[in-house]
Amino acid sequence: MTDNEIVAAGVSRQYTALTSGELTAMELTEATLDAIDRASALNAFTTVLRDAARRDAAERDRARAAGEPLGPLHGIPVAIKDEIDVAGVTTTFGTRANRTPARADAEVVRRLRAAGAVIVGKTAMSEFGQWPFTESSTYGITRNPWDPTRTPGGSSGGSAAAVAAGLVPVALGGDGGGSIRIPAACCGLFGLKPQRGRVTSAPMTALWGALGTCGPLTRTVLDSAIVYDVIRGNLPGDRFRAREPETSFTDAARKPPRPLRVGFSAKTTTALVKPHPEQVRALEATAGLLAGLGHRVDEIDPHYPDTTPALLTQFYGGVRAEAQIVEYPELLERRTRHTLRLGVWARRPVLEWAIRAGESLGRKLNRIFDAYDLLLTPTTAIRPPRVGVLDGKGSLAATVACFPMVTYTAIWNVAGNPAASLPVGVGEDGLPLAVQLVGPPGGETTILPVATQLEQARPQPRPHPDRGPAESA
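This structure is a prediction, so every number in the text was calculated from the model and none was measured.

*Asks:* A description of the side chain of threonine 213 should follow, citing residues and the corresponding values.
*Replies:* On the secondary structure map, threonine 213 appears in strand β8 (residues 213-218). Among the residues examined, threonine 213 registers a relative accessible area of 7% and is labelled buried. Beyond its immediate sequence surroundings of up to four residues, threonine 213 is in contact with Gly174, Asp175, Lys193, Pro194, Val199 and Leu207.

Here is the structure:
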């Protein structure tokens, strides 16, 4: 493999090369750092940990040479969204309001390192992850590798851009309203929001009330499953906990699915938002493909309940909670200070009400899964917008601009269900098309086999960092 091919290879291929001796961790790390430098115009990274990554790579090579047991992510370069603690690096939350480095890794980062991963940097996000566009006054605009004039989505847009451009095989993101799935859709990646409580939130007890979780963005379903098997699981301090699955995520991703009952719908959760015709065509084509693969597929009306009060209360409460722990709140964006004023009422008693209300709404939503194993929807209602969406907007105008991006995703943060965005081709604008698969509570291992089946039936083109917009996967 050339250096470009090595860097752009996924977790599985890199792991095989690393453990067989075809490639050293130091060689892969150096190639990764070079690729990150060449792609600096994307603005995917806020911090590149060159020296630390080289030290970790050298330790991985020493362990292999000594015949020590190798972890499932031995030598794999990983990037981390800049709201997750990495020891010795400032956790910025996309702001300039923090300056003191984190004392310790977040638990998910500790697990990645224990599995052999090499942490190469922190990735860009919107301030506190408020918006599904990766734009901030501190770090500027992050761009989509498919078309630099378009957004990679957000708030985990830096992570998505880094993976889509082939700079790293996996990057951790966070999802409080769609922030893994939306950038996955914009950048042609696989992004699974896990069941609430599936992945520890330590050192936090919870994220954004009951809305938030973290997880990987990857090019393939299997790569995501491998990473989830490393990071999933709880600690005693976690407020939310998910029941252990009957099988590993990796085994589920490799297993052919049984024939399932799949309901599909293009109906949005926001009355005034209508899906773009290309999004609807992609949905219908995927429904037809699933039927051809042996599944029972029906168009349905999900009868979505109104989750707005529960969602917005936890959104405002989540931003307030994170703003309270930054060192220099006076340096927050004016738009964020506007959000904080608008959400001054979202205090503990109201937040607890919203969490309970979300759980009640989740029970109503889950009636869908009495009749169907999975729900298929678009991931977003619109095509990836041009960058600069947030320019000149206050908090209210930015919120309105979010509706077409989050209308299919945020409801499942309120309910807590697992939901994944997967690529299903390329639109007339040359940008990825995507659909969302939603499972019942604890249903990641139902989603993963079907996602793999679709991935194999319709391989996704990829943007190529050197040769234009896309090449075959």
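*Asks:* Describe the pairing of strand β6 (residues 170-175), and please don't skip the residues or the numbers.
*Replies:* Taken across its six residues, β6 has six buried, putting it largely inside the fold. The two faces of β6 match: Val170, Leu172 and Gly174 on one face and Ala171, Gly173 and Asp175 on the other face are all buried. With three bridges connecting them, strand β2 (residues 77-81) and β6 associate as parallel partners. Paired with alanine 79 across the bridge in β6 is alanine 171. Pairing of β6 with β8, which is carried by six bridges, proceeds in the antiparallel orientation. Residue alanine 171 lies in a different strand from β8, and its bridge partner there is leucine 217.

*Asks:* Account for the UniProt feature "domain: Amidase" (unreviewed entry) in the protein, naming residues and giving values.
*Replies:* UniProt marks residues 27-448 with the feature "domain: Amidase" (unreviewed entry), using the numbering shown here. The span residues 27-448 is 36% helix and 15% strand, and its two end C-alpha atoms sit 32 Å from each other.

*Asks:* Hey, could you go over the packing of aromatic side chains for me, with residue numbers and the actual values?
*Replies:* In total, this model carries seven aromatic pairs according to the counting rule given. For the pair phenylalanine 93 and phenylalanine 128, a centre-to-centre distance of 5.8 Å together with 50° between the ring planes defines the contact as tilted. Taken together, the positions of phenylalanine 93 in the loop between β2 and α5 (107-114) and phenylalanine 128 in the loop between β3 (118-123) and β4 (135-136) put the pair 35 residues apart, joining distant regions of the chain. Accessibility assignment for this pair places phenylalanine 93 and phenylalanine 128 in one class, buried. Judged by centre distance (5.5 Å) and plane angle (80°), the ring pair of tryptophan 208 and phenylalanine 315 falls under edge-to-face. One end of the pair, tryptophan 208, is in the loop between β7 (190-193) and β8; the other, phenylalanine 315, is in helix α11 (residues 308-323), with 107 residues separating them in the sequence. Grouped by ring-pair contacts, the aromatic residues Trp131, Trp208, Phe315, Tyr316 and Trp345 constitute a single cluster. Looking at arginine 232, its charged tip hangs above the ring of phenylalanine 249, at a distance of 5.1 Å from the centre.

Cut-offs used in this document
For every chain, the first residue of the written sequence is number 1, and numbering continues from 1 onward in sequence order. Two thresholds apply to this predicted model, a pLDDT of at least 70 for residue-level local features and 80 or more for giving and counting side-chain atom pairs, whereas whole-chain, interface and lining totals are computed over all residues. Side-chain numbers here rest on the full set of heavy atoms in the structure, without hydrogens or water. Secondary structure elements follow DSSP: runs of H or I no shorter than four residues count as helices, runs of E no shorter than two count as strands, and numbering proceeds from the N terminus. Each residue is placed in one exposure class: buried if its accessible area under a 1.4 Å probe, protein chains only, is under 20% of its type's maximum, exposed if it is over 50%, and partly exposed if it falls in between. Contacts were defined at the residue level, with two residues in contact if any of their heavy atoms lie within 4.5 Å. In this description, strands pair whenever DSSP reports at least two bridges between them. UniProt positions are given in the numbering used here, feature names are shortened, and annotations may be inferred rather than shown by experiment. When two rings of Phe, Tyr or Trp (its six-membered ring) have centres within 6.5 Å they constitute a pair, described as stacked for plane angles under 30 degrees, edge-to-face for angles over 60, and tilted for the intermediate range. When the NZ atom of lysine or the CZ atom of arginine is within 6 Å of a ring's centre and also within 35 degrees of its normal, the charge is said to sit over that ring.

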